[in-house]
4 protein chains.
Amino acid sequence: MIFNNDTRAGRIFDAGLILMIIGSITVVMLGSVRPLEGKYGALFTQLEVAFTTLFAAEYLLRLLSARHASHYARSFFGVIDLLSVLPGVVGLLLPGRESLLVQSLLVIRIVRLVRVFRILHLGNYLTEARVLSDALRASTAKITVFLLVVLVIVVLMGTAMFLIEGPNRGFTSIPTSVYWAIVTLTTVGYGDISPQTPLGKALASLLMILGYGIIAVPTGLITVGLAQARLTPETSPASAPGVSCQRCGSSTHLPDARYCSRCGEGLLARQTAP
Amino acid sequence: MIFNNDTRAGRIFDAGLILMIIGSITVVMLGSVRPLEGKYGALFTQLEVAFTTLFAAEYLLRLLSARHASHYARSFFGVIDLLSVLPGVVGLLLPGRESLLVQSLLVIRIVRLVRVFRILHLGNYLTEARVLSDALRASTAKITVFLLVVLVIVVLMGTAMFLIEGPNRGFTSIPTSVYWAIVTLTTVGYGDISPQTPLGKALASLLMILGYGIIAVPTGLITVGLAQARLTPETSPASAPGVSCQRCGSSTHLPDARYCSRCGEGLLARQTAP
Amino acid sequence: MIFNNDTRAGRIFDAGLILMIIGSITVVMLGSVRPLEGKYGALFTQLEVAFTTLFAAEYLLRLLSARHASHYARSFFGVIDLLSVLPGVVGLLLPGRESLLVQSLLVIRIVRLVRVFRILHLGNYLTEARVLSDALRASTAKITVFLLVVLVIVVLMGTAMFLIEGPNRGFTSIPTSVYWAIVTLTTVGYGDISPQTPLGKALASLLMILGYGIIAVPTGLITVGLAQARLTPETSPASAPGVSCQRCGSSTHLPDARYCSRCGEGLLARQTAP
Amino acid sequence: MIFNNDTRAGRIFDAGLILMIIGSITVVMLGSVRPLEGKYGALFTQLEVAFTTLFAAEYLLRLLSARHASHYARSFFGVIDLLSVLPGVVGLLLPGRESLLVQSLLVIRIVRLVRVFRILHLGNYLTEARVLSDALRASTAKITVFLLVVLVIVVLMGTAMFLIEGPNRGFTSIPTSVYWAIVTLTTVGYGDISPQTPLGKALASLLMILGYGIIAVPTGLITVGLAQARLTPETSPASAPGVSCQRCGSSTHLPDARYCSRCGEGLLARQTAP
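The structure presented is a predicted model; accordingly, all values stated were derived computationally and were not measured.

Trainee: Would you explain the packing of helix 10 (residues 174–185) of chain B against helix 11 (residues 198–214) of chain B in this entry?
Mentor: For any two helices packed against each other, one specifies the inter-axial angle together with the distance between the axes. Residues and elements named next belong to chain B. Where helix 10 contacts helix 11, the two axes come as close as 8 Å, and the packing angle between them is 50°. Between helix 10 and helix 11, the interaxial angle falls into the category oblique. Seen from helix 10, the contacting residues are Trp 180, Ala 181, Thr 184 and Leu 185; seen from helix 11, they are Ala 204, Leu 207, Met 208 and Gly 211. Partitioned by chemical class, the residues of the contact of helix 10 with helix 11 number 6 nonpolar, 2 polar and no charged.

Trainee: Would you mind going over the packing of aromatic side chains with me for this structure?
Mentor: For any two aromatic rings, the description comes down to two numbers: the centre-to-centre distance and the angle of the planes. For the structure on display, the rule yields 16 aromatic pairs over all chains. With a centroid separation of 6.0 Å and 40° between ring planes, the pair formed by Tyr 59 of chain A and Tyr 72 of chain A is classed as tilted. Of the two residues, Tyr 59 of chain A sits in helix 2 (residues 34–65) while Tyr 72 of chain A sits in helix 3 (residues 69–74), which places them 13 residues apart along the sequence. Like Tyr 72 of chain A, Tyr 59 of chain A is buried. Judged by centre distance (5.3 Å) and plane angle (70°), the rings of Phe 76 of chain D and Phe 77 of chain D are edge-to-face. The class for Phe 76 of chain D is exposed, based on a relative accessible area of 56%. Overall, Phe 77 of chain D belongs to the partly exposed group, its relative accessible area being 26%.

Trainee: Sorry, what's going on with the nonpolar core here?
Mentor: Nonpolar side chains tend toward joint burial in soluble globular proteins. By size, the foremost hydrophobic cluster in this structure holds 240 residues, and its most contacted members are Trp 180 of chain A, Trp 180 of chain B, Trp 180 of chain C together with Trp 180 of chain D. Residue contacts for Trp 180 of chain A: discarding those within four places in its chain leaves Met 161, Phe 171, Ile 193, Ser 194, Pro 195, Ala 204 and Leu 207 of chain A together with Tyr 190 of chain D.

Trainee: I tried to follow helix 10 (residues 174–185) of chain D on my own but got confused; where do I start?
Mentor: Along an α-helix, a turn takes 3.6 residues, which lines up residues three or four apart on a common side. All names here are of chain D. Between its first and last C-alpha atoms helix 10 spans 16 Å; for 12 residues at 1.5 Å apiece the expected length is 16 Å, and the two agree. Here helix 10 lies mainly inside the structure; 11 of its 12 residues are buried. By the burial criterion, the buried members of helix 10 are Ile 174, Thr 176, Ser 177, Val 178, Tyr 179, Trp 180, Ala 181, Ile 182, Val 183, Thr 184 and Leu 185. Looking one or two residues beyond helix 10, the residue adopting positive phi is Thr 187, at roughly 60°.

Trainee: Teacher, can you tell me more about helix 1 (residues 8–31) of chain B here?
Mentor: With 24 residues, helix 1 of chain B should reach 34 Å at 1.5 Å per residue; the first-to-last C-alpha distance of 35 Å fits that figure. The complete set of buried residues in helix 1 of chain B reads Gly 10, Asp 14, Leu 17, Ile 18, Met 20, Ile 21, Ser 24, Ile 25, Val 27, Val 28, Met 29 and Gly 31 of chain B.

Trainee: Just checking my understanding: could you explain the environment of Val 155 of chain C for this structure?
Mentor: Examined against the element boundaries, Val 155 of chain C turns out to sit in helix 9 (residues 140–165). Each C-alpha atom of the pair Val 155 of chain C and Ser 177 of chain C lies 8.4 Å from the other, and the pair is 22 residues apart in sequence. Sequence-distant contacts of Val 155 of chain C, defined by excluding residues within four places in its chain, comprise Met 29, Val 107 and Ile 110 of chain B together with Val 178 of chain C.

Trainee: Just to check I follow, could you spell out the side chain of Thr 197 of chain C for this structure?
Mentor: Residue and element names in this part refer to chain C. Tracing the chain through its elements places Thr 197 in the loop between helix 10 (174–185) and helix 11 (198–214). Residue Thr 197 is classed as buried on the basis of its relative accessible area of 13%. Discounting residues that sit within four places of it in the chain, Thr 197 has contacts with Ile 164, Glu 165 and Arg 169.

Trainee: What exactly am I supposed to notice about the pattern of salt bridges here?
Mentor: For side chains bearing opposite charge, pairing can occur when the charged atoms are close. Taken as a whole, this structure holds 20 salt bridges over all chains when the rule is applied. Glu 58 of chain B serves as the salt-bridge partner of Arg 112 of chain B, at 2.7 Å between the closest nitrogen and oxygen. Of this pair, Arg 112 of chain B sits in the loop between helix 6 (96–104) and helix 7 (116–119) while Glu 58 of chain B sits in helix 2 (residues 34–65), and the two are 54 residues apart along the sequence. For the pair Arg 112 of chain B and Glu 58 of chain B, a shared accessibility class is recorded, and that class is buried. What emerges from the salt-bridge pattern is a single network uniting Glu 58, Arg 62, Asp 81 and Arg 112 of chain A.

Calculation criteria
Residues numbered from 1 in each chain as written. Chains lettered and ligands numbered in written order. Predicted model: local features only at pLDDT ≥ 70, side-chain atom pairs only at ≥ 80, totals over all residues. Heavy atoms only, no water. Axes fitted to C-alpha atoms, helices over the stretch in contact; angles between N-to-C directions. Helix = DSSP H or I, 4+ residues; strand = E, 2+ residues; numbered from the N terminus. Parallel < 35°, antiparallel > 145°, perpendicular 65-115°, else oblique. Contact = heavy atoms within 4.5 Å. Nonpolar A, V, L, I, M, F, W, Y, C, P; charged D, E, K, R; others polar. Phe/Tyr/Trp six-rings, centres within 6.5 Å; stacked < 30°, edge-to-face > 60°. Buried < 20%, exposed > 50% of the residue type's maximum accessible area, 1.4 Å probe, protein only. Core = buried A, V, L, I, M, F, W, Y, C linked by side-chain atoms within 4.5 Å. Expected span 1.5 Å × (residues − 1). Salt bridge = Lys/Arg side-chain N within 4 Å of Asp/Glu carboxyl O.

Here it is in structure tokens:
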């Protein structure tokens, strides 16, 4: 039942699970707010014990009911399920504040929310997620090149700023200056460190305009990737290579065309192709 | 007259309404500036009373003149019209500062500005607005997936930073740390909270570069959505409504198609159309 | 000579003008730095007098040599040329610091740098600039809709934050809160004002993620606009409507095609079209 | 061996080199952190001497084994290789802290990491890098126009803010104000300088919304550039190099052209090509 959500019982089980995940994360989060913890600390601990017990029971159940227990235990969600329980168990053994810190790790339960797609029968959401990740994967090589260029820029710029501004103006070391360069290049701009000398400001301005332009690159890559994912043949099987008109040779047809749009000839290849 | 803007009177009425909306919002805004309120408080109150009276009168008029009063009252703009009046009436009954706070709610009148499109006969603006919202709606599934991924990232990253930096460096609780993660991922970067330990800075750098890349995803989605909205048959005049196959009625053809892609019939309308 | 840059003398004149513009702006900028002004104030004043005299002379010369003096005087660059001189003249009549402030207005001379395109015979740069501005103009309606939506969002969000955070936490008035909303929505994030209550932080997070998504809209609009500017027939006059093959009717040709790419027929219409 | 990475020895040599580059940069970076330098200063110096000796030896080896020593010495990587050694040698001759500053320059070694592509046989990464740089180069004219517009905006806006806010609110001089305008337009927003007068805030809001829109331009340019780089003939096999007209030699055809668009000759190569 807990692996199969086609049944009504399975769906109710999944819905309950989602509520439990959200509930337990809320408890962990509120438990980290000191004033609330002072007031409701005992209640939070009790709730957390309850949630952990339930999740532990669910994990054991899954382990027992799985056809190949070891296969499940080593799968992605198997590991996440274990990590959603372990900190709770360990946390119970530790005293006071320590326990709370360990329990913070329980927020990893949020990863389980991804199962929400399963319960909602959101097949098309999964398709979209795959389109997104396909577009990203197709751009992996370009993104790697891009990240290397960014790395070289922030290291060189960070070191230059360290030499120009010096430790007395916040640029205390090269790693700190590289951190500043990343904060600036990504246009986050905390302002905890900022240039104060004219030369430093000039170089920072250059870095900002560079970052302004560089931010365009991943956007362009993803956009083109997404555009291609939507236009490539694999999504429209009907217009695969080879489906060209026998009479006039035109190969630009609508995906579901059955007659040539140019000369009216029947598209035979289309009818036999898969 | 107040529902129909094809007449000259209707258009003058609408123009007056827009001026009143802008005027009343300006008064509410200036009334919230303490030095100005001290000086011109009485004037502002009088103006607000006048505006509220007029808007209330207009609301009642609309209610009376509408064919189905209850239908209007429950429509989107009916509710907005009511909300544009209520806080003013309530505000008059409360004393001093309290009244001012309630009157702040009157800025909801700005939503009525959307009517500006009606008065200006900006049909094409409405078309553009529909293209925009269509492009957004077509990407709903992808945007949902994207927001869920963002949620998982900020919760995990926020918790990690809470454990690394701790309450003494501004990361006072998990919710606060998640708030910091959102501020960083979106590249807003207030700087009210910023990492101070080397490990925290390293993790923050990672989050920034991630955010830098992630910002590309919605942009890509919207861009592709917009591009598709412009390329779909309805915008290309050649395949405009009317140019449908005489035999099978199909109306999805390539812009320069001369034969129906579904049945092979010649597209006569195409050959005579300009 | 000063209107015509086809001659050698005209080009040298233009080059000198550009150097003078850059020089005079540099002097104005350095003159605003107090320590430098203390030291070299006299020199800066003399240089500024010299530059202003030269620009004034140039303006008079242009006025005299223009075929229609009044036409030039009212043209865009005629007004810019006048504004590049006036503050200098007025500044000379005022004493000390006052004079300096007025002279700051001379930076408007930078607009004249746009002439750099003329001297460098950068015809294709002008073409590119026109492609850019065409793409922007074609999106005017969508951008207007977008800006109205942004206006409504920042006014409503700003007011909500004013009510939630209140004047004691930096949100001193509705206009200030609206300013904060703009700073946040555009992901600038100075941090001079930032939410401090949990509810304020939650609403700010919402605004940030909204801004994160909304930033995608103008990008998408411009990208699609640019893509269309490059692909539409109107920029390649040769393939204007009407230039379709006489034999097979195909109308998809390369811009400079002289024979039909589908059937090899000569494209007659092409040869007579301008 | 050090120039040729097709042999096994060459590849091991390259891998060792990459480790050495990363190691030496790490040492330089950690050496700039004052507490670490206090503790491990001597160790860092020794390691740096060792790295510099090795890099110097490698440089000499490359110089000796290159077919044309002077050609290598003047090549891009030849200069980088020299710059990766020089500061180390100079640094050894200077005392204490001075030496450390000079050694910071050694981070230029990171540029050599680009060789990582050579060792990993990442031919397709180089292709991707070329696609990226081609897309950037094709947009050079547009980007120049864009940067000039940005320059004009930040100078005018910076000066306006200098006049509005004045030196007492952080806008100490025109160059500083221009720096602020760049920080704002690029949405970095440090917050070290921020407008405080109502008029200044209004103008800043305008600049932010402008920046918000302007950021779309480079993104659009790069996206369209990338999209075109993927769609240009060289990537579509049908019109690959070789498919040029037999009569006039033109090689720019539509992907599905069957006749030369320039002279009308049938494209034979097309009909036999796959």
